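Breakdown of the fold
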Amino acid sequence: MTSSQPSETRTRGRSAQTATLAEIAREAGVSAPTVSKVLNGRADVAPATRSRVEELLRAHGYRRRRAEANRSPLLDLVFHELESAWAMEVIRGVENVARDAGLSVVLSESAGRLTPGRTWADQVAARRPHGVILVLSGLDESGRALLTSRSIPFVVMDPAGDPGTDVPSIGATNWQGGLAATRHLVELGHTRIGAISGPSQMMCSRARIGGYRAALETGGLPVDPGLVMAGDFHHETGYRQGLALLRRPDRPTAVFTGNDLQALGLYEAARELGLRIPEDLSVVGFDDLPVARWVGPPLTTVRQPLTEMAEAAARLVLDLGKGEGAAPAASRVELATSLVVRSSTAPPPPGS
């Protein structure tokens, strides 16, 4: 059983390490090599034994010394979903930093889950990378404890939820981006402005819609719940929810979409209904993916500096590794968004 005494007393004043591997092994009733196997993600450990050792590692706040870690020349990059041009911009940024540091990048996908599974965590422990970057994802308590005990630093980029003050993260000014996008439409003279959001459980999506609402209220316009459609950041949803918005008898003359892919789906819905952009409908996206410049007409959008965010996340996780995993001076860093006006927005049609 784990002792309830303070670890400083148990370890006779060792401040750098709260418990040795041998002490963990003794309390777990196993050999030191077995604890080492658990730390290294080896598969030849019984599940019950692994769970008992992991619990003791967490309870004692065990952390490998940097010299013990024997890190592989790898960075782990984990996506919530890996299927779009958005992900390519992030990969490019991480690769830029990894290349300069002489590291390779390992890509993983959590298959739509907001936290990777236990199998992934064991694989990371076995790989012993220089660090882990999680995109639109996060770690549960057991995952965080597993990485911490192996002295594997991690950073969350664009976290799905509130990562906590003790988890370093890189994001963007999503609320200000939603505000700028909607304010642009208000200033053009639009009074019926719809929105297609992203997933409601994602912090960035809620912030963008929060900015949209604030711009309408500041402009003296009502927020009509019927003009706010739930989305999931996919093209198909932009098309489907776009049709629903544009078939309304009191359809909006402008729509702000939670990302560029949904804006492209909205373009398709407008074409199907014979509506011209921007003469009949103004559209603003979010992200400024490369395709935004080449669609017809070129898309007005909010630029989210994805490549720069990824570079910042990669540099931060490497810095954390060099500093024995110490907490950064600022655990949450937000990069500025900016409105990029192109040809998909114009004043509303006369008489609308």
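Structure shown above.
The paragraphs below set out a description of the structure included in this document. No experiment lies behind these values; they were computed from the predicted model shown.

1. Notes on the packing of aromatic side chains
Taken as a whole, this structure holds 1 aromatic pair when the rule is applied. Taking 6.5 Å as the distance between ring centres and 55 degrees as the angle between the ring planes, the aromatic pair formed by F256 and F286 counts as tilted. Of this pair, F256 sits in strand β8 (residues 254-257) while F286 sits in strand β9 (residues 282-287), and the two are 30 residues apart along the sequence. Residue class for F256 comes out buried when judged on its relative accessible area of 0%. With a relative accessible area of 0%, F286 lands in the buried category. Against the face of F286 rests R208, its NZ or CZ located 3.9 Å from the ring centre.

2. Description of the pairing of strand β1 (residues 74-79)
Across the 6 residues of β1, 6 count as buried, placing the element largely inside the fold. Burial of the side chains of β1 extends over both faces: L74, D76 and V78 are buried on one face and L75, L77 and F79 on the other. In terms of strand pairing, β1 meets strand β2 (residues 104-109) through 6 bridges, oriented parallel. Among the inter-strand pairings, L75 is bridged to a residue of β2, identified as V105. In this region the chain leaves β1, passes through helix α6 (residues 85-100) and returns to the parallel neighbour β2; the handedness of that crossover is right-handed. Relative to strand β3 (residues 131-135), β1 runs parallel, the two sharing 5 bridges.

3. Side note on the pattern of salt bridges
Applying the stated criterion across every chain yields a total of 9 salt bridges. Between E89 and R92 there is a salt bridge, and its shortest N-O distance comes to 2.6 Å. Within this pair, E89 and its partner R92 are both found in helix α6, separated by 3 residues, close to a single helical turn. Residue classification places R92 among the partly exposed positions, given a relative accessible area of 42%. Residue D250 is joined to R248 by a salt bridge in which the shortest nitrogen-to-oxygen separation is 3.2 Å. Its relative accessible area of 32% is what places D250 among the partly exposed residues. What you see here is one network of salt bridges that share partners, running through R192, D224, R248 and D250.

4. Some points on the nonpolar core
The biggest cluster of nonpolar side chains holds 36 residues, and the ones touching the most others in it are L77, I133 and M157. Going through the elements one at a time, β1, α6, β3, β4 (154-157), β5 (169-172) and α13 (306-322) are the ones with two or more residues in this core. When residues are assigned to domains, this core turns out to be shared by domain 1 (74-172 + 307-335) and domain 2 (174-303), each giving three or more. Not counting residues within four places of it along the chain, the set of residues in contact with I133 comprises D76, L77, V78, V94, V155, M157, A313, A314 and V317.

5. Topic: unusual backbone geometry
Cis rather than trans, the peptide bond between I277 and P278 has omega equal to 5 degrees. Positionally, P278 belongs in the loop between α12 (260-272) and β9. For the peptide bond that leads from G296 to P297, omega is -10 degrees, which places it in the cis range. Here D158, not a glycine, exhibits a phi torsion of approximately 50 degrees, which is positive. The topology assignment puts D158 in the loop between β4 and β5.

Basis of the calculations
Residues numbered from 1 in each chain as written. Predicted model: local features only at pLDDT ≥ 70, side-chain atom pairs only at ≥ 80, totals over all residues. Heavy atoms only, no water. Phe/Tyr/Trp six-rings, centres within 6.5 Å; stacked < 30°, edge-to-face > 60°. Helix = DSSP H or I, 4+ residues; strand = E, 2+ residues; numbered from the N terminus. Buried < 20%, exposed > 50% of the residue type's maximum accessible area, 1.4 Å probe, protein only. Lys NZ or Arg CZ within 6 Å of the ring centre and 35° of its normal. Pairing = 2+ DSSP bridges. Right-handed = clockwise from strand over helix to strand, strands pointing away. Salt bridge = Lys/Arg side-chain N within 4 Å of Asp/Glu carboxyl O. Core = buried A, V, L, I, M, F, W, Y, C linked by side-chain atoms within 4.5 Å. Domains from an automatic or database assignment. Contact = heavy atoms within 4.5 Å.

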